[in-house]
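# Breakdown of the fold
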2 protein chains.
Amino acid sequence: MELPEFDEVIAFIEDGDDFLLTSHVNSDGDAIGACLALTRMLDGLDKKATIVLQDVPGEPYEFLEGFSSIMAAESVPVEATACVAVLDCPSLDRIGRIQDCLDEQTRILNIDHHAGNVHFGAVNLVSENVCSTSELLYHLAVAMGVPIDPALAEQLYTGILFDTGGFRYSLTKPTSMEAAAALVRLGARLDFVADRIYNNSSLASLKLIGRAIDSLELTAGGRVACLHLTRGDMRSGDPETAVNYGLKIRGVEVSMLLKEEAPEHYRVSLRSRERIDVRAVAARFGGGGHTRASGCNIDGTAESVRAALLEEVGRQLAAAA
Amino acid sequence: MELPEFDEVIAFIEDGDDFLLTSHVNSDGDAIGACLALTRMLDGLDKKATIVLQDVPGEPYEFLEGFSSIMAAESVPVEATACVAVLDCPSLDRIGRIQDCLDEQTRILNIDHHAGNVHFGAVNLVSENVCSTSELLYHLAVAMGVPIDPALAEQLYTGILFDTGGFRYSLTKPTSMEAAAALVRLGARLDFVADRIYNNSSLASLKLIGRAIDSLELTAGGRVACLHLTRGDMRSGDPETAVNYGLKIRGVEVSMLLKEEAPEHYRVSLRSRERIDVRAVAARFGGGGHTRASGCNIDGTAESVRAALLEEVGRQLAAAA
């Protein structure tokens, strides 16, 4: 893949010597993989790069080369930086407190694959035709002739694996798989990476999955799965992925997880399989997200929260029928 | 990929007009995908093919073109057949009752990717360098110039996805991913197939997963996970995949699931992450399988069965240390 913007990106990189790299708050596998990969690419060009993220990245990514050099917001150098690369981030407010490192002199390189990216950079490398920012960086590395060693291959592979849900989501493209194949040829350990990403739970978080499954009830003729975790359950963690288990049942179109964060206060996660817009459901309660994955907060008893959600979901089911 | 055996396979196919296709008992996604794919390839060459399997294939595969034409053992024509293709099967006894369709006149085409294949065919296309029989058929189709339409692409993709565990197992090769990418370009719906394979549980079987997780206990310093399903639990199904949840916990090297099939009679499933040979554990109790996935039957109380298994697993852990 060759994009016209590659030339501008290469010029941006050639102009700078010292880069600050960052990404969205609650950085995920693609954000972390991409930041580490661009650092390694810059290192190969004898450029200095520092990764600063608002949140401390999660343990599953510790195996990635360079992980220990990532700085979290507490240790952010507050003076503004001249060259900043923002990765995997549709708008600048999503980098959180790292905005303190920007001033009017700062030139921003914006590399991203999100549909709604608002092109906030001096240079913008944005394409929706890739599965992940890491895939975009792979194509850039190839176009630039940057050598891809096993460590860089594994950083890029991790981002691709994460954002495609293990090559399962519809945003996975043939190019995602071809890039992944090339990265495995270059030394990415596909089974090792998958094991770190998907088999890295604590006992407590797995037990919470079990409790969420125990609570699961089907309604609306088997089309809606409701899961529920009490305050007592939530003391051992916050199992975001538990909501996905509702969609494992055939026929279920919407899965909702009610998490009791405080008395009569619920945080709700919503997922849908194909047809139903759960962002519209979340929006009715002041929440947001994506068409197939969204969330909101609702006050009330378990029964009243559930009833209110089911009414909205029912509207969406009827609209899609 | 070009293998010297391709010429012999092509000659075998050219010589016949009417083929019986079969695979191993308890046919899985690769076996079913490969049988349907070879049928479609033969159909494109104006050859007749009938798929006969010992067991009725599972519902997740209903979406595959040609699925409804698969015959299960009850309806097997018992007269012997002249041309038989055995797919994804390391030895002939593994086709079960379908052996009744063979006699001394039968010529067998053996297409497989298992390490221990005993080359029982008149023609043997056997390679361990592919992830699945379906990948081997993809390379054969390309070598033969057989047109790959969306239905054939999806049959082959399903087999590759299944046998690589969604591109996660170590037997996944760059060629597996490249073949998958090509098949997606040819019309395989990667998200649809993944949804059918991985999100197609019944409520009852998901609830059993929940109960297995509830029963999970760690032992041997967090290196062994024990799960247990009682006879009461087992009345709602047989959740073979439940044992995998033990390995989702970081630090766990061996997961064991005890399923109480009758009073004081347990069927045991064993899985290991990387280093431990659970086939050796199963073998001590008269069972078998693979290094990382095996099983056996043991009589006794839950406590005695568990203790006996832990003793053997402890031996393997010590040997691997």
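Residues numbered from 1 in each chain as written. Chains lettered and ligands numbered in written order. Predicted model: local features only at pLDDT ≥ 70, side-chain atom pairs only at ≥ 80, totals over all residues. Heavy atoms only, no water.

## Things to note about the domain arrangement of chain A
Interface size is commonly expressed as the accessible area that is lost once the parts come together. What the domain assignment reports for chain A is domain 1 (5–198) and domain 2 (203–320). Using C-alpha coordinates to define each centre, domain 1 of chain A is positioned 31 Å away from domain 2 of chain A. (Domains from an automatic or database assignment.)

## Considering the sheet that holds strand β4 (residues 83–87) of chain B
Residue and element names in this part refer to chain B. The 6 strands lie next to each other as β3-β2-β1-β4-β5-β6, forming an open sheet whose pairing is parallel. Among the strands making up the open sheet, the edge pair consists of β3 (71–72) and β6 (123–126). Pairing of β4 with strand β5 (residues 107–112), which is carried by 5 bridges, proceeds in the parallel orientation. Within β5, the position partnered with alanine 85 by the bridge is leucine 109. Against the sheet, helix α1 (residues 5–15) makes contact with β1 (18–23), β4, β5 and β6, and its axis sits at roughly 130 degrees relative to β6, the strand it touches most. Relative to β1, helix α2 (residues 29–44) is tilted by about 170 degrees, and along the sheet it contacts β1, β2 (48–53) and β4. (Pairing = 2+ DSSP bridges. Helix = DSSP H or I, 4+ residues; strand = E, 2+ residues; numbered from the N terminus. Contact = heavy atoms within 4.5 Å. Axes fitted to C-alpha atoms, helices over the stretch in contact; angles between N-to-C directions.)

## Section: the interface of chain B and chain A
With 44 residues of chain B at the interface, the matching set in chain A holds 44 residues. Among the residues of chain B in contact with chain A, Arg168(B), Lys248(B) and Arg250(B) are the three that bury the most area, contributing 18% of the side total. Residues Arg250(B) and Glu59(A) are paired through a salt bridge, measuring 3.2 Å at the closest nitrogen-oxygen approach. Taken together, the connections running from chain B to chain A amount to 24 residue pairs in polar contact (both at pLDDT 80 or more). The set of elements that each furnish at least two residues to the side of chain B that touches chain A consists of α5 (174–185), α6 (190–198) and α7 (203–215) of chain B. Residues belonging to the side of chain B that touches chain A are distributed by class as follows: 20 nonpolar, 11 polar and 13 charged. (Buried area = accessible area lost by both parts, 1.4 Å probe. Salt bridge = Lys/Arg side-chain N within 4 Å of Asp/Glu carboxyl O. Polar contact = N/O pair within 3.5 Å; in protein donor to acceptor, adjacent residues only side chain to side chain. Nonpolar A, V, L, I, M, F, W, Y, C, P; charged D, E, K, R; others polar.)

## Some remarks on the relation of the copies chain B and chain A
When chain B is fitted onto chain A, the two copies agree to an RMSD of 0.1 Å after a turn of 180 degrees and an axial shift of 0.0 Å. Seen this way, the second copy is the image of the first under a two-fold rotation axis. When C-alpha distances to the rotation axis are compared across chain B, the minimum falls at Gly210(B), with a value of 2.2 Å. A high fraction, 100%, of the interface residues of chain B reappear at the interface in chain A, so the copies pair face to face through one surface. (Least-squares fit on C-alpha atoms with pLDDT ≥ 70 in both.)

## A short note on the layout of surface pockets
In this structure, the second largest pocket encloses a volume near 240 Å³. What lines the second largest pocket is a set of 15 residues, and nearest its centre among them are Arg250(A), Gly251(A), Arg273(A), Asp195(B) and Arg196(B). Taken together, the residues that form the lining of the second largest pocket break down as 3 nonpolar, 3 polar and 9 charged. (1 Å grid on protein atoms, 1.4 Å probe; cavity = no way out; pocket = protein on both sides within 12 Å on 5 of 7 lines; lining within 4 Å. Points joined across faces, edges and corners; volume = space filled by probe spheres on them.)

## Looking at the packing of aromatic side chains
How two aromatic rings sit relative to each other is given by the distance of their centres and the angle of their planes. In this structure the tally under the stated criterion is 8 aromatic pairs over all chains. Geometrically, the ring pair formed by Phe12(B) and Phe19(B) is tilted, given 6.3 Å between the ring centres and 40 degrees between the ring planes. Side by side, Phe12(B) and Phe19(B) carry an identical accessibility label, which is buried. Centroid distance Phe63(B) to Phe192(B): 5.5 Å. Interplanar angle 80 degrees. Geometry classified as edge-to-face. Residue Phe63(B) is located in the loop between β2 and β3, and its partner Phe192(B) is located in helix α6; the two are separated by 129 residues in the primary sequence. The two residues Phe63(B) and Phe192(B) agree in class, both being buried. Sitting above the plane of the Tyr245(A) ring, Lys248(A) keeps its charged end 5.9 Å from the centroid. (Phe/Tyr/Trp six-rings, centres within 6.5 Å; stacked < 30°, edge-to-face > 60°. Buried < 20%, exposed > 50% of the residue type's maximum accessible area, 1.4 Å probe, protein only. Lys NZ or Arg CZ within 6 Å of the ring centre and 35° of its normal.)

## Topic: α1(B)
Residues and elements named next belong to chain B. Among the residues of α1, those classed as buried are Phe6, Val9, Phe12 and Ile13. Along the axis of α1, the buried residues cluster in a sector spanning 120 degrees; they form a single face. Seen from the open side of α1, the exposed residues pointing more than 90 degrees away from its buried face are Asp7, Glu14 and Asp15. Looking at the buried side of α1, the elements it contacts are β1, α2, β4, β5, β6 and α3 (133–144). (Arc of directions from axis to C-beta.)

## Here's the deal with unusual backbone geometry
All names here are of chain A. The phi angle at aspartate 88 is positive, at roughly 60 degrees, despite the residue not being glycine. The residue aspartate 88 is located in the loop between β4 (83–87) and β5 (107–112) in this model. One non-glycine residue, alanine 220, adopts positive backbone phi at about 50 degrees. Residue position: alanine 220 is located in the loop between β7 (217–219) and β8 (224–229).

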